[in-house]
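Listed below, chain by chain, are the residues.
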Amino acid sequence: MDIKLGDKLKMKKSHPCGCDIFEVVRVGMDFKLKCDKCGHIVMIPRAKAEKGIKSIHREEEKPDV
C-alpha cells in the first residue's frame with residue numbers, strides 16, 4: 001500500500017473514544033497514528049495497520065507555478 005505522512009486513514013475498528021479516523025505521523029515497519037478526535041497516538045505494526053484500513057483520504061499537493 002502507498003501510505004504517506006499526513007494521510008488520513010479510516011480504520012475498520014474505532015479508537016475507544018469513538019473516532020475511526022487516524023492521521024499518519026510516522027511510516028516504516030510500524031505506523032504511528034494519531035486519533036483525529038482525542039489526539040492519542042498509537043503505534044501498530046505495518047501488517048496489522050494495512051489489514052485494518054477501510055479507506056485512505058489524501059490531500060493532493062498543488063504544483064508550484
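Anything mentioned here points back to the structure above.
Residues numbered from 1 in each chain as written. Predicted model: local features only at pLDDT ≥ 70, side-chain atom pairs only at ≥ 80, totals over all residues. Heavy atoms only, no water.

Student: How should I be thinking about the pairing of strand 4 (residues 41-45) in this particular structure?
Tutor: On a regular strand, each side chain points to the face opposite its neighbour's, so the side chains alternate between the two faces of the sheet. In the sheet, strand 3 (residues 30-35) pairs with strand 4 via five bridges, with the strands oriented antiparallel. Across the sheet, Lys34 pairs through a bridge with Ile41, a residue of strand 4. Connecting strand 3 to the next strand, strand 4, in antiparallel fashion are five residues, including Gly39 with a positive phi near 85°. (Pairing = 2+ DSSP bridges. Helix = DSSP H or I, 4+ residues; strand = E, 2+ residues; numbered from the N terminus.)

Student: Explain the sheet that holds strand 2 (residues 21-26) here, please?
Tutor: Overall, antiparallel pairing links the five strands, which are arranged 4-3-2-1-5 in an open sheet. Each edge of the open sheet carries a strand with a single partner, namely strand 4 and strand 5 (53-57). Taking each pair of neighbouring strands and ignoring which way they run, the sheet shows an average axis angle of 35°. (Axes fitted to C-alpha atoms, helices over the stretch in contact; angles between N-to-C directions.)

Student: Quick question: what am I supposed to make of the nonpolar core here?
Tutor: In summary, soluble globular proteins display a tendency toward joint burial of nonpolar side chains. Core analysis: the largest hydrophobic core is formed by 12 residues, namely Ile3, Leu9, Met11, Cys19, Phe22, Val24, Phe31, Leu33, Cys35, Ile44, Ala49 and Ile53. Within the residue set of this core, elements represented by two or more residues are strand 1 (8-11), strand 2 and strand 3. Examining the composition of this core, we find that three residues originate from one element, strand 3, more than from any other. Dropping the residues within four chain positions of it, Leu9 is found in contact with Ile3, Asp20, Ile21, Phe22, Val24, Leu33, Ile53, Ser55 and Ile56. (Core = buried A, V, L, I, M, F, W, Y, C linked by side-chain atoms within 4.5 Å. Buried < 20%, exposed > 50% of the residue type's maximum accessible area, 1.4 Å probe, protein only. Contact = heavy atoms within 4.5 Å.)

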